[in-house]
Amino acid sequence: MIKRILILFFSVLFSLLANAQTAVNSQWYNDAKFGIFVHYGLYAQIGYTEWAQNHFEIQAADYEKLQSQFAPSQFNANQWVQLFMEAGAKYLVFTAKHHEGFSMYQSKYTDFNSFKSTYSIDFLAQLSQACQQKAMPFGVYYSVMDWHHPDYLPRRYFDNRPKELANTANYKLFFKQQVTEIIDRYQPSLLWFDGEWENTHDSLESVALDQMIRDKNPGILINNRLSRYVKGDFKTPENAVPATGLKSEDGKPVNWELCYTINDSWGYDPYSTEFKSARGLIRLLVDICSKGGNLLLNVGPKPDGSIQSEFQERLLAMGKWLKENGNAIYGTKASIFEQLPFYGASTTKGNTIYLHAFLMPSNRQLAMPLLKNNIIKLYHLASKKELPYHITNNQCIIDCNGIKIDDAATVIAVETEGLPELKSQFPLYAANQTIDLLPEAASFDPMTKKENMLVQYFDKMLLKKWNQQSTLNNIEWHFSTANTTLYDVYIKAASANELKGNILGNLQIDSTRNLLFEIPARTAYTYTNAYLFKPIFIGQITINKGFNNIKLKVLPKAGQELVFEKIIFIPHKK
Ligand code: JFZ
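Please read these numbers as outputs of a predicted model, since none were measured by experiment. (Residues numbered from 1 in each chain as written. Predicted model: local features only at pLDDT ≥ 70, side-chain atom pairs only at ≥ 80, totals over all residues. Heavy atoms only, no water.)

Caption draft 1: Broad picture of the domain arrangement of the protein. Partitioning the protein into structural domains gives domain 1 (2-328), domain 2 (344-425) and domain 3 (435-571). With centres defined by C-alpha atoms, the gap from domain 1 to domain 3 works out at 43 Å. (Domains from an automatic or database assignment.)

Here is the structure:
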């Protein structure tokens, strides 16, 4: 009995601890959708990411020399913030102290700070002020891990300072003092902790620190990386997020944010020269919004405080798109659709659904799953031009002729009577209709990120790199048919590599019937694309009236790789 009471007591206590500490008002953050992350510190001078000290195994005493050489001659807080505003970003998160332990502000508690260097710059002061002038919420990144402070443990493996002299209590105090001074002086709207993973025993008393922060500013938002003992106000998921967003146990949407780099590094790295395209970044933002999250897009300024042109160009391109299409991003919520029949995503705001077509179908007929609601107005967002539509196959087919197709995403707004509600997720086909099963309209097994496998090839999507290394087990489609019908089944697919033998596949119907097939080997000196133009007949199958599930599996052997365009069901003519 006592044991049970104790268990109850502790579970109530823990749930109180876990739930009590959340921000009072996170509306601005929910609506913002797009923020800029800046990783800037002494490491920019090395030009080998923010982990340079660790990569080159630099002793703390040697690393300190970078302080006197730090010359951010081109730094201009207003110009940065101006650029981020033009990009359409709605908040900023700046590294006050990264793992290197250098404070990018005038700290009372250490001389290892940017104000105590030749240029005497207090970055937090200038940036928080520039943000305030533009009413842009200002956030601060702060690393729990510290490779410079003599009392921080555990040390890096290469650190030759004697561990015995370290006193964790001193670091705990320092950590608390710095967080306090940052909150008091710069009034950040958000704290972004990081580098917490080494502190397995909560030696830094994060629960108390979290409470102290919230007592000081009940509106402040804190991410979930202060420690494993505090929940935080938003999650930072790494793995795939479900199409209609993350939900808590009570079914309420959970705030989350994805941080992302434009090239492959957070801190400045001139050798990281593979940049994501502006189109890809816009689509990433849309995809995140369609799942109810925020994008925190990173910029790593050069040692002199300027921002490299590759970043600027992409940010400005995003801003240009957002200027026309921002209504479909800011203040939106996750999609109401699990799955869309076209390559794109959807966001929702009040009574409006936004369809973001990444790829406009070549016949310019965009299909939306059927809603319960009447449609009040349907228009192309950028031009406000109203578009004709009709209902067929349990879908709303929108005629997108006569509008300008946006290379990144063309946005269609659908205003409904009442809050939009889904009636039918999947299409319904009549007996005489040909059915195209496209990869963009398929569900992928949960192991695999769809966007990593789909490639836009002119006016169609191809599923590529289905090989032994890929985690993809199967893709599947759901649809209904009005009548039981016999179909001739064709596949458009090809082997990506020459001379690797026939690729075996299986089309499974309602988990019971199998249609085995082979994709012929490619001969030498032929193009994959030449094969894609020839549909391969793989057999006949009767599809029963009602709801159907079609699963495509491919069994690639070593060296084999499939390119897949579509499956076609053609009603059999006697
Ligand atoms: C951390 C830092 O180590 C890195 O330098 C950068 O600041 C980045 C934003 O954050 O790296 C992480 C932290 C957490 C995960 C991955 C990388 N994580 O949760 O998988």
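Caption draft 2: Molecular detail of the pairing of strand E14 (residues 410-416). Buried residues dominate E14, accounting for six of its seven residues. Pairing of strand E9 (residues 352-357) with E14 involves six bridges; the strand directions are antiparallel. Across the sheet, residue Leu355 finds its bridge partner in E14, namely Ile412. (Buried < 20%, exposed > 50% of the residue type's maximum accessible area, 1.4 Å probe, protein only. Helix = DSSP H or I, 4+ residues; strand = E, 2+ residues; numbered from the N terminus. Pairing = 2+ DSSP bridges.)

Caption draft 3: The nonpolar core, seen in detail. Within the largest apolar cluster, 127 residues are counted, with the highest numbers of intra-cluster contacts made by Phe84, Leu552 and Phe569. With residues near it in sequence (within four places) discarded, Phe84 still touches Ile36, Val38, Ala89, Leu92, Met136, Val299, Ile307 and Leu315. Phe342, Leu366, Met368 and Ile403 belong to the second-largest nonpolar core, a separate cluster that totals 19 residues. (Core = buried A, V, L, I, M, F, W, Y, C linked by side-chain atoms within 4.5 Å. Contact = heavy atoms within 4.5 Å.)

Caption draft 4: Summary view of helix H11 (residues 309-325). In this model H11 runs 24 Å from its N-terminal to its C-terminal C-alpha over 17 residues, within 8% of the 24 Å that 1.5 Å per residue would give. Looking only at H11, the buried set comprises Phe311, Arg314, Leu315, Met318, Gly319, Trp321, Leu322 and Asn325. Viewed end-on, H11 has its buried residues packed into an arc of 170°, placing them on one side of the element. Exposed and oriented more than 90 degrees from the buried face of H11 are Glu313, Lys320 and Lys323. (Expected span 1.5 Å × (residues − 1). Arc of directions from axis to C-beta.)

Caption draft 5: The site of the ligand, seen in detail. Every residue lining the ligand is accounted for by Phe37, His39, Glu50, Trp51, His98, His99, Tyr141, Asp194, Trp197, Arg225, Glu238 and Trp266. Side-chain polar atom of His39 to an oxygen atom of the ligand: 2.6 Å apart, as the coordinates give it. His98 is positioned such that a nitrogen or oxygen atom in its side chain is 2.8 Å from an oxygen atom of the ligand. Computed on the free molecule, the ligand has an accessible area of 450 Å², of which 73% lies beneath the protein chains in the complex. When grouped by side-chain class, the residues that make up the shell around the ligand number five nonpolar, three polar and four charged. (Near = heavy atom within 4 Å. Polar contact = N/O pair within 3.5 Å; in protein donor to acceptor, adjacent residues only side chain to side chain. Areas by Shrake-Rupley, 256 points an atom, 1.4 Å probe, with all protein chains shown as cover. Nonpolar A, V, L, I, M, F, W, Y, C, P; charged D, E, K, R; others polar.)

Caption draft 6: The sheet that holds strand E11 (residues 375-380), seen in detail. Pairing is antiparallel across the open sheet formed by four strands, whose spatial order is E8-E9-E14-E11. Either end of the sheet is taken by a strand with one partner, and the two such strands are strand E8 (344-349) and E11. The mean inter-strand angle of the sheet, taken between neighbouring strand axes irrespective of direction, is 15°. (Axes fitted to C-alpha atoms, helices over the stretch in contact; angles between N-to-C directions.)

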